[in-house]
Protein chains: 2
Amino acid sequence: MSAPSERVTIKDVAAAAGVSKGAVSLAFNHKPGVSDATRERIFAAARQLGWAPNSSARSLSRQSVDTIGLAICRPARLLGLEPFYMEFISGIESVLAERDCSLLLRLVGSLEEEISLQERWWRERQIGGSILVDFHQEDPRIAPLRGLGLPAVAVGHPTLTGGFPSVWTDDAAAVVEAVRYLAALGHRRIARVGGPTGLGHSAIRAVAFEETMEQLGLEGGPHVETGFSGEEGARATRSLLLSAERPTAILYDNDIMAVAGLGVAAEMGVSVPDDLSLLAWDDSQLCRLTHPTLSAMSHDVHGFGAQVTRVLFEVLAGHEVLSQPVATPSLVPRASTASPRA
Amino acid sequence: MSAPSERVTIKDVAAAAGVSKGAVSLAFNHKPGVSDATRERIFAAARQLGWAPNSSARSLSRQSVDTIGLAICRPARLLGLEPFYMEFISGIESVLAERDCSLLLRLVGSLEEEISLQERWWRERQIGGSILVDFHQEDPRIAPLRGLGLPAVAVGHPTLTGGFPSVWTDDAAAVVEAVRYLAALGHRRIARVGGPTGLGHSAIRAVAFEETMEQLGLEGGPHVETGFSGEEGARATRSLLLSAERPTAILYDNDIMAVAGLGVAAEMGVSVPDDLSLLAWDDSQLCRLTHPTLSAMSHDVHGFGAQVTRVLFEVLAGHEVLSQPVATPSLVPRASTASPRA
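For every chain, the first residue of its written sequence is number 1, and the numbers climb from 1 along that sequence. In the order they appear in the text, chains get letters beginning with A and ligands get numbers beginning with 1. In keeping with the predicted nature of the model, local features appear solely for residues at pLDDT of at least 70, side-chain atom pairs appear and are counted solely at 80 or more, and the whole-chain, interface and lining totals rest on all residues. Based on all heavy atoms of the structure, the side-chain values leave hydrogens and waters out of the count.

1. Structural notes on the interface of chain A and chain B
Here comes step 1: Contact residues are listed per partner, giving 63 residues for chain A and 62 residues for chain B.
Here comes step 2: Summed over both sides, the interface between chain A and chain B buries roughly 5,700 Å², with carbon and sulfur atoms accounting for 54% of that surface.
Here comes step 3: We count a salt bridge whenever a side-chain nitrogen from Lys or Arg sits within 4 Å of a carboxyl oxygen from Asp or Glu. Counting across the interface, chain A meets chain B through 6 salt bridges.
Here comes step 4: For D100(A), the salt bridge is made with R106(B), and the minimal N-O distance between the two is 2.5 Å.
Here comes step 5: In the analysis that follows, any N or O atom pair within 3.5 Å is treated as a polar contact, provided that within protein one partner can donate a hydrogen and the other can accept it, and provided that, for residues neighboring in sequence, both atoms belong to side chains. In this assembly, chain A and chain B are joined by 20 residue pairs in polar contact (both at pLDDT 80 or more).
Here comes step 6: In DSSP terms, a helix is any run of H or I states spanning at least four residues, a strand is any run of E spanning at least two, and both are numbered starting from the N terminus. Sort the elements by how many residues they give to the side of chain A that touches chain B and helix α5 (residues 83-98) of chain A lands first, with 8 residues.
Here comes step 7: Following the grouping adopted for this structure description, the nonpolar residues are Ala, Val, Leu, Ile, Met, Phe, Trp, Tyr, Cys and Pro, the charged ones are Asp, Glu, Lys and Arg, and the polar ones are all others, Gly among them. Class assignment of the residues belonging to the side of chain A that touches chain B gives a composition of 30 nonpolar, 15 polar and 18 charged. By definition, residues are in contact when any of their heavy atoms lie within 4.5 Å. Here the quantity called buried area is the accessible surface, traced with a 1.4 Å probe, that two parts lose on coming together, added over both.

Dropping the structure here:
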């Protein structure tokens, strides 16, 4: 830590620009009373000295800690379609705003591209640390990013995140609750419409689904793998409803796919919940806007993003951080689930 | 422009680290063949010289051009609720990715906070330019940010954006088309559920709505002002359907509110489109997932974000840029609009 006397103050800026402290304050507060030329001189002096208002302890050498990185490996178009990431980012931003920090956001085409990007962000001091998401099994980012010494928090189960401090949801426990609830209502043919199993959390849910079905003595219901978009959810639902062994209940991996499932059921004249129960995941406001409203495995995605960010600041402060789960998604029954009609 | 000979190359990094060029390449490509200690030395040399792979022409002094700023003045929770911003950001990211650039994203609580933030970003060279959104009438950001010389593109009608090069949608023309279409179907009582009129584009739509209704000889239908969330759209729809002069058609300012309106109609036993026509705005995938599907003023929000970003790069390249509209939102009739039942 530098001694307070070494800090650049408003006085230094005033002296360098040859004006009073009051003039510096006026310039930075967009008040009249300083000419354009003087204001430019003040800004130039501040820039040179690395001084900013309300943050006199901050210097350019520390600037990177003000910025957190987030790279997401999904096609740009898809990102706009799913409420999850926007809610997650809004949670990150809520904590960053408290600390006057910003998010450096980038969509990448591959995990290899993300590795190069994080490395450059870190080496060029554009970021103080990163939030790593969408872990794959045997994720290729782990070794190079750990080797770099990048301060980071991983979003994902510790079995996937290779030693990074991690924050995760207990997806397996939530799947068990979802399947047990549907079985308790009397459903025997339960299907699941899930994300790509290359993603670690989709794989964890798939295994939990199969194991729970088996434990309950139910036939392994059909799994359909998708890419999380509404269109894919609609297609998967249509194919399930056309199959010989039509399920009486479907568990979805997000909520946009469940909304799409509801539309397909209406289009095919299948009554929800009498002939078909639908159970969503994530529970954004969408689930409360449909008719019937959608039962969901409810998950505070905004709070999840906020907690991940708080943990990252712990890491940046040099504290010992343990990996930690956020609250497990919990069942919110609404109008789309009921006992199957005999 | 510096002469090519002044550029830092992989050769300089290799020399500074006391290794071969091949070793530098191995280290940066995460290949085996260099020890951890050597890799660290190579990274340290690259950091010191400001060199990065595949971007040897880039130096630390140019780093700010690699980053574009976007500050959004909405509560964090709300940001996650509306598809618009995520689609807009995905469009921005699609162009940034082509140019190996990143987005610095920040939620702010007030326009005054945004002014300080943009100023700091610019002075500290964290950004090369900004995308300015959500213009208000007599927007307070214009004077200070223009005074700063910040390269920026404004998203909004030129009447609102005070001399910044701007990209906008012709909201007035789209409202005229929407109202004329509903009137041509035979609707006389048309209501509008819009955003806050403090926002410039909401005000433009409100005026266009009233003028068109008047020109068509229709009574000024009720306007309801909301904050764009589904809950507010549901509440507005309920109050319209309970009013003595119940409208037979409702035009919404986004799509999440129209989805909510559809849910309210179903809940109140009002048949869509027989008893009530609903027309959405923005047309994310949501409009195609509901049953009935939602007619919408369709708008390529992803393409809008992409075009804004391309214009900003023109500004950054020092080219003369004219303000320009993107394609006007156009009517996509689906199942939620029809002639009113006698």
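2. Re the relation of the copies chain A and chain B
Here comes step 1: Here the copies were fitted onto each other by least squares, based on C-alpha atoms from residues at pLDDT of at least 70 in both. For these two chains of identical sequence, chain A goes onto chain B by a turn of 180 degrees and a shift of 0.1 Å along the axis, with RMSD 0.2 Å. Taken together, the rotation angle and the small translation identify this as a two-fold axis. Scanning chain A for the C-alpha nearest the rotation axis identifies L104(A), at a separation of 2.1 Å.
Here comes step 2: Most of the interface of chain A is mirrored in chain B: 98% of its interface residues are interface residues there too.

3. So, the side chain of R74(B)
Residues and elements named next belong to chain B.
Here comes step 1: Position of R74 among the secondary structure elements: in the loop between β1 (67-72) and α4 (76-79).
Here comes step 2: We classify R74 as buried; its relative accessible area is 14%.
Here comes step 3: Here D134 takes part through its side chain, which lies 3.1 Å from a polar atom of the side chain of R74.
Here comes step 4: The residues contacting R74, other than those within four sequence positions of it, are E82, Y85, L107, V108, D134, L199 and F228. Residue exposure (1.4 Å probe, protein chains only): buried if accessible area is under 20% of the type maximum, exposed if over 50%, otherwise partly exposed.

4. Focus: the domain arrangement of chain A
Residue and element names in this part refer to chain A.
Here comes step 1: Parsing chain A into structural domains produces domain 1 (4-58), domain 2 (64-169 + 302-325) and domain 3 (171-299).
Here comes step 2: Annotation comment: domain bounds sourced from an automatic or database domain assignment. On a C-alpha basis, the centroid separation for the pair domain 2 and domain 3 is 29 Å.
Here comes step 3: When the two sides are added together, the surface that domain 2 and domain 3 hide from each other amounts to roughly 1,200 Å², 58% of it contributed by carbon and sulfur.
Here comes step 4: It is E82, P83 and T169 in domain 2 that bury the most area against domain 3; as a group they hold 34% of the surface buried on that side.
Here comes step 5: Linking domain 2 to domain 3 there are 0 salt bridges.
Here comes step 6: Among the elements that make up the side of domain 2 that touches domain 3, the one with the highest residue count is α5 (3 residues).
Here comes step 7: Taken together, the residues of the side of domain 2 that touches domain 3 break down into 7 nonpolar, 4 polar and 4 charged.

5. So, the packing of aromatic side chains
Here comes step 1: Pairing of aromatic rings covers Phe, Tyr and Trp, the last counted by its six-membered ring, and requires centre-to-centre distances within 6.5 Å; plane angles under 30 degrees mean stacked, over 60 mean edge-to-face, and any other angle means tilted. Scanning the entire structure with this criterion turns up 8 aromatic pairs over all chains.
Here comes step 2: Considering the side-chain rings of F84(A) and F88(A), the 5.7 Å spacing of their centres and the 15 degrees angle between planes classify their relative orientation as stacked. Within this pair, F84(A) and its partner F88(A) are both found in helix α5, separated by 4 residues, close to a single helical turn. The same class applies to F84(A) and to F88(A), which are both buried.
Here comes step 3: Ring geometry for Y85(A) against F88(A): centres 6.2 Å apart, planes inclined by 90 degrees, an arrangement best described as edge-to-face. In this pair, Y85(A) and F88(A) both sit in helix α5, 3 residues apart, roughly one turn of the helix.
Here comes step 4: The class of Y85(A) is buried, set by a relative accessible area of 4%.
Here comes step 5: Here F88(A) falls in the buried class, since its relative accessible area comes to 1%.
Here comes step 6: The structure contains a cluster of three or more aromatic residues connected by ring pairs, namely F84(A), Y85(A), F88(A) and F304(A).
Here comes step 7: The criterion is that NZ of a Lys, or CZ of an Arg, lies within 6 Å of the ring centre and within 35 degrees of the ring normal, and then a charge sits over that ring. Looking at R141(B), its charged tip hangs above the ring of F135(B), at a distance of 4.6 Å from the centre.

6. A closer look at the sheet that holds strand β10 (residues 295-298) of chain B
Residues and elements named next belong to chain B.
Here comes step 1: Each pair of strands is called paired provided DSSP finds at least two bridges between the two strands. With mixed pairing, 6 strands are arranged side by side in an open sheet as β7-β6-β8-β9-β10-β12. Unpaired on one side and paired on the other, β7 (223-225) and β12 (330-332) mark the two borders of the sheet. Taken pair by pair, the neighbouring strands of this sheet meet at an average axis angle of 20 degrees, ignoring direction.
Here comes step 2: Bridge count between strand β6 (residues 190-194) and strand β8 (residues 249-252): 4 bridges; the pairing is parallel. Looking at β8, one finds that R192 is bridged to L251. Every axis corresponds to a line fitted to the C-alpha atoms, with the helix fit spanning only the stretch in contact, and the corresponding angles, defined between N-to-C directions, vary from 0 to 180 degrees.

7. Quick look at the sheet that holds strand β4 (residues 152-155) of chain A
Here comes step 1: Taken in spatial order, the 12 strands line up as β11(A)-β5(A)-β4(A)-β3(A)-β1(A)-β2(A)-β2(B)-β1(B)-β3(B)-β4(B)-β5(B)-β11(B) in an open sheet, and their pairing is mixed. The strands lining the two open edges of the sheet, one partner per strand, are β11 (324-325) of chain A together with β11 (324-325) of chain B.
Here comes step 2: Two strands pair when backbone bridges link them, and strand β1 (residues 67-72) of chain A and strand β2 (residues 102-107) of chain A are joined in this way by 6 bridges, in the parallel orientation. Residue T67(A) lies in a different strand from β2(A), and its bridge partner there is S102(A).
Here comes step 3: Seen against the sheet, helix α6 (residues 111-123) of chain B touches β2 of chain A together with β1, β2 (102-107) and β3 (129-132) of chain B and runs at an angle of roughly 170 degrees to β1(B).

8. Things to note about the packing of helix α5 (residues 83-98) of chain B against helix α13 (residues 301-316) of chain B
Residue and element names in this part refer to chain B.
Here comes step 1: For the pair α5 and α13, the least separation of the axes is 7 Å and the interaxial angle reads 45 degrees. The angle between α5 and α13 falls in the class oblique. Judged by the twist between their axes, the crossing of α5 over α13 is right-handed. Along its contact with α5, which presents F84, E87, F88, S90, G91, I92, S94, V95 and L96, the element α13 presents V301, H302, F304, G305, A306, V308, T309, R310 and F313.
Here comes step 2: Looking at side-chain class alone, the contact of α5 with α13 contains 10 nonpolar, 6 polar and 2 charged residues. Angle categories: roughly parallel below 35 degrees, roughly antiparallel above 145, roughly perpendicular from 65 to 115, and oblique for all the rest. In this scheme, a crossing is called left-handed if the near helix is turned counterclockwise away from the far one by less than a right angle; it is called right-handed if the turn is clockwise.

9. Digging into helix α13 (residues 301-316) of chain A
Side chains of residues three or four places apart in an α-helix project in the same direction, reflecting 3.6 residues per turn.
All names here are of chain A.
Here comes step 1: Counted at 1.5 Å a residue, the expected span for α13 with its 16 residues is 22 Å, and the 23 Å between its end C-alpha atoms agrees.
Here comes step 2: Burial in α13 covers these residues: V301, H302, F304, G305, A306, V308, T309, V311, L312, F313 and V315.
Here comes step 3: Looking one or two residues beyond α13, the residue adopting positive phi is G318, at roughly 85 degrees. Residue count minus one, scaled by 1.5 Å, sets the expected span of a helix.

10. Quick look at the pairing of strand β9 (residues 277-282) of chain B
Residues and elements named next belong to chain B.
Here comes step 1: Along β9, 6 of the 6 residues are buried, which leaves the element largely enclosed by surrounding structure.
Here comes step 2: Both β8 and β9 contribute to a ladder of 3 bridges, which runs parallel. Within β9, the residue paired with I250 across the bridge is L278.
Here comes step 3: Crossovers are described as right-handed under a simple rule: with the strands pointing away from the observer, the path leading from the first strand over the helix to the second runs clockwise. A crossover links β8 with its parallel partner β9, the connecting element being helix α11 (residues 255-267), and its sense is right-handed.
Here comes step 4: In this structure, β9 lies alongside β10, joined through 4 bridges in parallel fashion. Each residue of the ladder has a partner; that of W281, found in β10, is M297.

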